[in-house]
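What follows is each chain in one-letter form.
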Amino acid sequence: MAKVMEGLYYSESHEYVRVEGNTGFIGISDYAQHALGNVVYVDMPEVDDEVSAGEEFGAVESVKAASDLIAPVTGVVVEVNEALEDQPELINSDAYANWIIKVELSDKSELDNLMDAKAYAAFCEK
């Protein structure tokens, strides 16, 4: 059973958002990293790029497959996790500690469209 963290928001494409103030930390869930297998590359946007809810913002590649990253919220990228450039496997060791991008949230009401931990856990069991 994949680990689901309380207090995060989850999308049906298995990205999560951790919100601190007006900042969203976006990454992939533990369920997603298990499904992908060993992550070998993370394609990330640039700082100051805008990401839009429901739109692709990068990709995660594993030895098995490549998976597009879909933004769960709209915002402007304020930081990318540069550690993942050299050590993409950090996502496998702890998907929640190793977020992919940090964004300044444009519209916090978008969070209402995402699942909480309980709903996401049920979604993953389907």
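Higher on the page you've got the structure.
Small disclaimer: the values here were computed from a predicted structure and weren't measured.

J.: Would you mind showing me how to read the pattern of salt bridges here?
T.: Oppositely charged side chains may form a pair once their charged atoms are brought near each other. Taken as a whole and assessed by the stated rule, the structure comprises two salt bridges. R18 is paired through a salt bridge with E20; the nearest N and O atoms lie 3.3 Å apart. In this structure R18 comes out as partly exposed when scored by relative accessible area, which is 24%. In this structure E20 comes out as partly exposed when scored by relative accessible area, which is 44%.

J.: Explain a negative patch on the surface here, please?
T.: Where like charges cluster on the molecular surface, the negative patch consists of E46, D48, D49, E82, E85 and D86. Mapping E82 onto the fold places it in the loop between β8 (75-80) and α2 (83-86).

J.: What's the story with the sheet that holds strand β6 (residues 56-62) in this structure? I'm lost.
T.: In sheet architecture, strand pairing relies on hydrogen bonds along the backbone and comes in two forms, parallel and antiparallel. Taken in spatial order, the three strands make up an open sheet running β4-β6-β7, and their pairing is antiparallel. The open sheet terminates on both sides in strands that have one partner only, identified here as β4 (39-43) and β7 (66-70). Looking at each pair of strands side by side, their axes are set apart by 20 degrees on average, direction ignored. Sheet topology places β4 next to β6; four bridges connect them, and they run antiparallel.

Rules and cut-offs
Residues numbered from 1 in each chain as written. Predicted model: local features only at pLDDT ≥ 70, side-chain atom pairs only at ≥ 80, totals over all residues. Heavy atoms only, no water. Salt bridge = Lys/Arg side-chain N within 4 Å of Asp/Glu carboxyl O. Buried < 20%, exposed > 50% of the residue type's maximum accessible area, 1.4 Å probe, protein only. Patch = residues over 30% accessible without salt bridge, like charges linked within 9 Å, V, L, I, M, F, W, Y side chains within 5 Å. Areas by Shrake-Rupley, 256 points an atom, 1.4 Å probe, with all protein chains shown as cover. Lys, Arg positive; Asp, Glu negative; His and termini not counted. Charge placed at Lys NZ, Arg CZ, Asp CG, Glu CD. Helix = DSSP H or I, 4+ residues; strand = E, 2+ residues; numbered from the N terminus. Pairing = 2+ DSSP bridges. Axes fitted to C-alpha atoms, helices over the stretch in contact; angles between N-to-C directions.

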